[in-house]
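Tertiary structure, described
The residues making up each chain are set out below.
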Amino acid sequence: MDRRKFIKEVLLWSAGLSLSVPRFIVPGSIHAAEGAKSTLSFTEGPDYESLVSRALSSLGGMKSFVNPGDTVVVKPNIGWDRTPEQGANTNPIVVRAVVQHVLDAGASKVLVFDRTCNEKRRCYTNSGIEKSLKKLNDKRVELDHIDRRKFVPVDIDRGKSLTRREIYLEALKADCYINVPIAKHHGLSKLTLGLKNSMGVIGGDRGEMHHDLGQKLADLATVVRPKLTIVDATRLLLRNGPQGGDIKDVKIRNALIASTDPVAADAYATTLFDMKPQEIESTVAAYKLGLGEMDIAKINILKS
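Described in the following lines is the structure provided in the data block. Along each chain, residue indices are assigned from 1 in the same order as the chain's sequence is written. Given that the model is predicted, a residue must reach a pLDDT of at least 70 before its local features are reported, and side-chain atom pairs must reach 80 or more before they are shown or counted; all residues, however, enter totals for whole chains, interfaces and linings. Each side-chain value is derived from all of the structure's non-hydrogen atoms; neither hydrogens nor water enter the calculation.

Description of helix 11 (residues 281-288)
- Where helix 11 is concerned, the buried positions are Ser282, Thr283, Ala285 and Ala286. Viewed along the axis of helix 11, the buried residues span an arc of 165°, placing them on a single side of the element. Among the exposed residues of helix 11, those pointing more than 90 degrees away from its buried face are Glu281 and Lys288.
- Close packing links the buried residues of helix 11 with helix 8 (194-197), helix 9 (213-221) and helix 10 (262-271).
- At the exit of helix 11 stands Gly290, carrying a positive phi of roughly 80°. When accessible area is computed with a 1.4 Å probe and restricted to protein chains, residues below 20% of their type maximum are described as buried, those above 50% as exposed, and intermediate ones as partly exposed. Think of it this way: any DSSP run of H or I at least four residues long counts as a helix, any run of E at least two long counts as a strand, and we number them from the N terminus. Think of the arc as the fan of directions from the helix axis to the C-beta atoms. The contact criterion used is simple: two residues touch if any of their non-hydrogen atoms lie within 4.5 Å.

The following block contains the structure:
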């Protein structure tokens, strides 16, 4: 589907100028249609700002994804009232570094938000992300709380299990959407990575997603499509996720994964937990929908 046409439908609906629910239609295989072998950047080291810089450099730099004047959404996981050491939210240093690169690329506005599970103000504060972004002292950066009036119903044309869902307007209309999940254990889906992080831009009762969760996350990924996925693996929450709480469940890994292919990013992140991509239902479902590559042997992996 012509994305501009879809965005026009979204804006007309949100302005009350159309009664037709926006409908997102995707081709048979998005990944194949784009015709490029999946490439992934994997960086390791204790300097998290350097991790981000090296990961982006391997992929051509942030200017490969952000044009001057763009409105950019950076979507970390800020879902839990947890400190960085507890490994439940995206590392605040990683978030700040990503935003800094977006600013340096010339973005006119950078929106950072999440639909939190715990009390939103406590999540934004105790995750360290609010304080970290303030250090940038740049008016182009907005750390927003979710405004429930901004959810837009979207018909998901190729959805097998999820055919309609409210999705956050800002995530839909941004010129560039960058997904920055943390890699961690999840009691229901085994792991929560990039595809699962999109739960933070949907409205309604998220409990409804839990039946056939893997397929629904894949269906959602046909609409919420980041230009770039950066998986924070500086800390891995190995048990009692997604909320965690005990730092004994956290392993310091000092790694970062970046890719334009969200399925490849999730597939490779899975291996950090000594698991196979085939064990994660959302990865398999997204692969079958043609959203990316899950065969590690077929991914071009750039390590630094």
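What about the side chain of Lys216?
- Within the fold, Lys216 resides in helix 9.
- Buried Lys216, no salt bridge; nearest opposite-charge side chain is Asp212, N-O distance 6.4 Å.
- Engagement of the side chain of Lys216 in a polar contact is seen with the backbone oxygen of His211, the distance being 3.1 Å.
- Apart from the residues within four sequence positions on either side, Lys216 is in contact with Ser161, Leu162, Glu208, Met209 and His211. Note on charges: Lys and Arg go in the positive column, Asp and Glu in the negative column, and His and the chain ends are not counted at all. Any Lys or Arg side-chain nitrogen located within 4 Å of an Asp or Glu carboxyl oxygen qualifies as a salt bridge. Pairing of N or O atoms within 3.5 Å defines a polar contact, subject to two protein rules: one partner must be a possible hydrogen donor and the other a possible acceptor, and residues neighboring in sequence count only if both atoms are side-chain atoms.

Concerning the pairing of strand 4 (residues 109-112)
- What makes two strands pair is DSSP finding at least two bridges between them. Where strand 3 (residues 71-76) and strand 4 come together, four bridges link them in parallel fashion. Among the inter-strand pairings, Val72 is bridged to a residue of strand 4, identified as Val110.
- Following the chain from strand 3 across helix 4 (residues 92-104) to the adjacent parallel strand 4, one finds a crossover that is right-handed.
- Bridging between strand 4 and strand 5 (residues 141-143) involves three bridges; their strand directions are parallel. Bridging from a neighbouring strand, Val110 pairs with Val141 of strand 5. The handedness rule is simple: strands pointing away from the viewer, and a clockwise path from the first strand over the helix to the second, make the crossover right-handed.

Quick word on helix 10
- By the criterion of burial, helix 10 is predominantly enclosed, with nine of the ten residues buried.
- Regarding helix 10, the residues found buried are Pro262, Val263, Ala264, Ala265, Asp266, Ala267, Tyr268, Ala269 and Thr270.
- The residue sitting at the N-terminus of helix 10 and contributing the capping side-chain oxygen is Asp261; that oxygen lies 2.9 Å from the backbone nitrogen of Val263.

A short note on the packing of aromatic side chains
- Aromatic rings from Phe, Tyr and Trp, taking only the six-membered ring of Trp, are treated as a pair when their centres fall within 6.5 Å; an angle between ring planes under 30 degrees marks them as stacked, one over 60 as edge-to-face, and anything in between as tilted. Applying the stated rule across the entire model yields three aromatic pairs.
- Ring centres of Phe42 and Tyr268 lie 5.3 Å apart, and the angle between their planes is 65°; on these two criteria the pair is classed as edge-to-face. You can see Phe42 sitting in strand 2 (residues 39-44) and its partner Tyr268 sitting in helix 10, a full 226 residues away along the chain.
- We classify Phe42 as buried; its relative accessible area is 3%.
- Ring pairs connect the aromatic residues Phe113, Phe151 and Tyr168, which therefore count as one cluster.

A short note on the nonpolar core
- In plain words, nonpolar cores are sets of buried Ala, Val, Leu, Ile, Met, Phe, Trp, Tyr and Cys residues tied together by side-chain atoms within 4.5 Å. Residues Met62, Val99 and Ile178 are the most contacted members of the largest nonpolar core, which totals 64 residues.
- Beyond its immediate chain neighbours, meaning those up to four positions away, Met62 contacts Leu56, Val98, His101, Val102, Ala105, Ile178 and Leu228.
- One finds Ala183, Ile257, Ala265 and Phe273 within the second-largest nonpolar core, a separate group that totals 19 residues.

As for the environment of Ala105
- Structurally, the position occupied by Ala105 is in the loop between helix 4 and strand 4.
- Distance from Ala105 to Lys75, taken between C-alpha atoms, is 17 Å for residues 30 residues apart in sequence.
- When near neighbours in sequence (up to four residues on either side) are disregarded, Ala105 contacts Met62, Lys63, Val66, Asn67 and Pro68.

A short note on the pattern of salt bridges
- Applying the stated criterion across every chain, the model contains twelve salt bridges.
- Between Arg121 and Glu119 there is a salt bridge, with the nearest N and O atoms lying 3.7 Å from each other.
- With a relative accessible area of 48%, Arg121 lands in the partly exposed category.
- Judged by relative accessible area, Glu119 falls into the partly exposed class, the value being 40%.
- Of the charged contacts, one joins Asp155 and Arg164 as a salt bridge, the two residues approaching to 2.6 Å between their closest N and O atoms.
- Take Asp155: its relative accessible area is 13%, and that puts it in the buried class.
- Shared partners join several salt bridges into a network, and the residues in it are Lys150, Glu170 and Lys173.

A few points about the packing of helix 10 against helix 11
- Closest axis-to-axis distance for the helix 10/helix 11 pair is 10 Å, and the angle between their directions is 150°. Taken together, the axes of helix 10 and helix 11 lie roughly antiparallel to each other. The two elements helix 10 and helix 11 meet at a crossing, and its hand is left-handed. Note on element contacts: helix 11 touches helix 10 through Thr283, Ala286 and Tyr287, opposite Val263, Asp266 and Ala267.
- Under this grouping Gly is polar, as are all residues other than the nonpolar Ala, Val, Leu, Ile, Met, Phe, Trp, Tyr, Cys and Pro and the charged Asp, Glu, Lys and Arg. Classifying every residue of the contact of helix 10 with helix 11 by side-chain character gives four nonpolar, one polar and one charged. All axes here are fitted lines through C-alpha atoms, helices being fitted over the stretch that makes contact, and every angle between N-to-C directions spans 0 to 180 degrees. What sets the label is the angle itself: under 35 degrees gives roughly parallel, over 145 gives roughly antiparallel, 65 to 115 gives roughly perpendicular, and the rest give oblique. Here a crossing is taken to be left-handed if its near helix is turned anticlockwise relative to the far helix by less than a right angle, and right-handed if that turn runs clockwise.

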